[in-house]
Structure formats: C-alpha cells, structure tokens
Amino acid sequence: HCIWLFWCSLAFLQLSSWLTFIVRIFEIAPSATSLFEFVIHNKEGGGVAEETFRNKRFQIHARRVIGTVDLAVDLLEQNDLETLIPALQSLGTK
C-alpha cells in the first residue's frame, strides 16, 4: 500500500521531473548507461551529456520506463503476481 501511495503522489509530475528521476538512476548506476546506445557521454569523461536527455529515443524510453513502473505498481496493488512476475522477468531479456 505504501508503494502505491508513493507512486500516486508522483503521478502528476511533468515529464521533465520523470527525466530527472531516470537521470538519477544513471548517476547511481553509471554502468547502466552502457545498456543504451542512445546515451552520449561527456567528452571530459564521466557522466551523461545533456544531449542525451533531449534525444527523442531517450524520451521515448523514459516514457516506457514510467509506464512499466506504473503497471508494476498497479499489479502489486491488485496482488496480481501471476501477471507481474513474468512482465518484470521479460524486461531483463529486452
């Protein structure tokens, strides 16, 4: 229930806020950037270049991540693990 309440409190944020959320993921786990060919690294080394966040592919991906988290929270709320677990497992294979 706490996860659902937290997620609902975030639901009204602008896309820019969601992009900030995803940027934070890259800050926490810099190696994750290697999984995405659209990520542009700073020329100085270290960190993700600002151009990445204006890239259409990045923005589309960000919207998909948000949609997936939204679905996962809904399924958790419904206690529908039969649907949730395979959906999350399939993310790791994409």
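Residues numbered from 1 in each chain as written. Predicted model: local features only at pLDDT ≥ 70, side-chain atom pairs only at ≥ 80, totals over all residues. Heavy atoms only, no water.

1. Description of the overall build of the protein chain
Operational definition: Secondary structure elements follow DSSP: runs of H or I no shorter than four residues count as helices, runs of E no shorter than two count as strands, and numbering proceeds from the N terminus. A simple rule labels every residue: compare its accessible area, found with a 1.4 Å probe on the protein chains alone, to the largest value its type can have, and call it buried under 20%, exposed over 50%, or partly exposed in between. Contacts were defined at the residue level, with two residues in contact if any of their heavy atoms lie within 4.5 Å. Note on areas: Shrake-Rupley with a 1.4 Å probe; residue coverage comes only from the protein chains shown.
The helix and strand inventory of the protein chain stands at five helices and zero strands. Scanning the protein chain from its N terminus toward the C terminus, one meets helices and strands in the order α-α-α-α-α. Counting every position in the protein chain, which comprises 94 residues, the buried fraction comes to 24%. Put simply, of all contacts in the protein chain between residues at least 6 apart along the chain, 39% involve residues at least 24 apart. Of the roughly 6,900 Å² of accessible surface on the protein chain, a fraction of 60% belongs to carbon and sulfur atoms.

2. Considering the pattern of salt bridges
In plain terms, the rule: What makes a salt bridge here is a side-chain nitrogen of Lys or Arg within 4 Å of a carboxyl oxygen of Asp or Glu, nothing more.
Across all of its chains, the model carries two salt bridges by this definition. The residue glutamate 27 makes a salt bridge to arginine 24 at a minimum N-O spacing of 3.3 Å. Separated by three residues within a single helix, glutamate 27 and arginine 24 lie in helix α2 (residues 15–28), roughly one turn from each other.

3. Let's talk about the side chain of glutamine 59
Mapped onto the elements, glutamine 59 comes out in helix α4 (residues 56–77). Not counting residues within four places of it along the chain, the set of residues in contact with glutamine 59 comprises Leu19, Phe53 and Arg54.

4. A closer look at the side chain of threonine 33
Topologically, threonine 33 is positioned in the loop between α2 and α3 (50–54). The class of threonine 33 is buried, set by a relative accessible area of 6%. Sequence-distant contacts of threonine 33, defined by excluding residues within four places in its chain, comprise Phe26, Val39, His41 and Val48.

5. Considerations on α4
Test applied: The length a helix should cover is 1.5 Å for every residue beyond the first. Think of a polar contact as two N or O atoms within 3.5 Å of one another; within protein, one of them needs to be a possible hydrogen donor and the other a possible acceptor, and neighboring residues in sequence only count if both atoms come from side chains.
With 22 residues, α4 ought to run about 32 Å at 1.5 Å a step, and its terminal C-alpha atoms sit 32 Å apart, in line with that. Every buried residue of α4 is accounted for by Phe58, Gln59, Ala62, Ile66, Ala72, Val73 and Leu75. For α4, the N-terminal capping position is held by asparagine 55, with its side-chain oxygen 2.6 Å away from the main-chain nitrogen of arginine 57. Looking one or two residues beyond α4, the residue adopting positive phi is asparagine 79, at roughly 55 degrees.

6. Details of the packing of aromatic side chains
For the record, the criterion: Centre distance within 6.5 Å is the pairing criterion for rings of Phe, Tyr and Trp, where only the six-membered ring of Trp is used; planes under 30 degrees apart are then read as stacked, over 60 as edge-to-face, and the remainder as tilted.
Under the criterion given, the structure shown has five aromatic pairs. Geometrically, the ring pair formed by phenylalanine 26 and phenylalanine 58 is tilted, given 6.4 Å between the ring centres and 45 degrees between the ring planes. One end of the pair, phenylalanine 26, is in helix α2; the other, phenylalanine 58, is in helix α4, and 32 residues separate them in sequence. Centroid distance phenylalanine 36 to phenylalanine 38: 5.5 Å. Interplanar angle 40 degrees. Geometry classified as tilted.

7. Re a nonpolar patch on the surface
Applied cut-off: What goes into a patch is any residue over 30% in relative accessible area without a salt bridge, connected to like charges within 9 Å or, for nonpolar side chains (Val, Leu, Ile, Met, Phe, Trp, Tyr), within 5 Å.
Where nonpolar side chains cluster on the molecular surface, the patch consists of Leu76, Leu81 and Ile85 and spans about 250 Å² of accessible area. Structurally, the position occupied by isoleucine 85 is in helix α5 (residues 81–91). Judged by relative accessible area, isoleucine 85 falls into the partly exposed class, the value being 42%.

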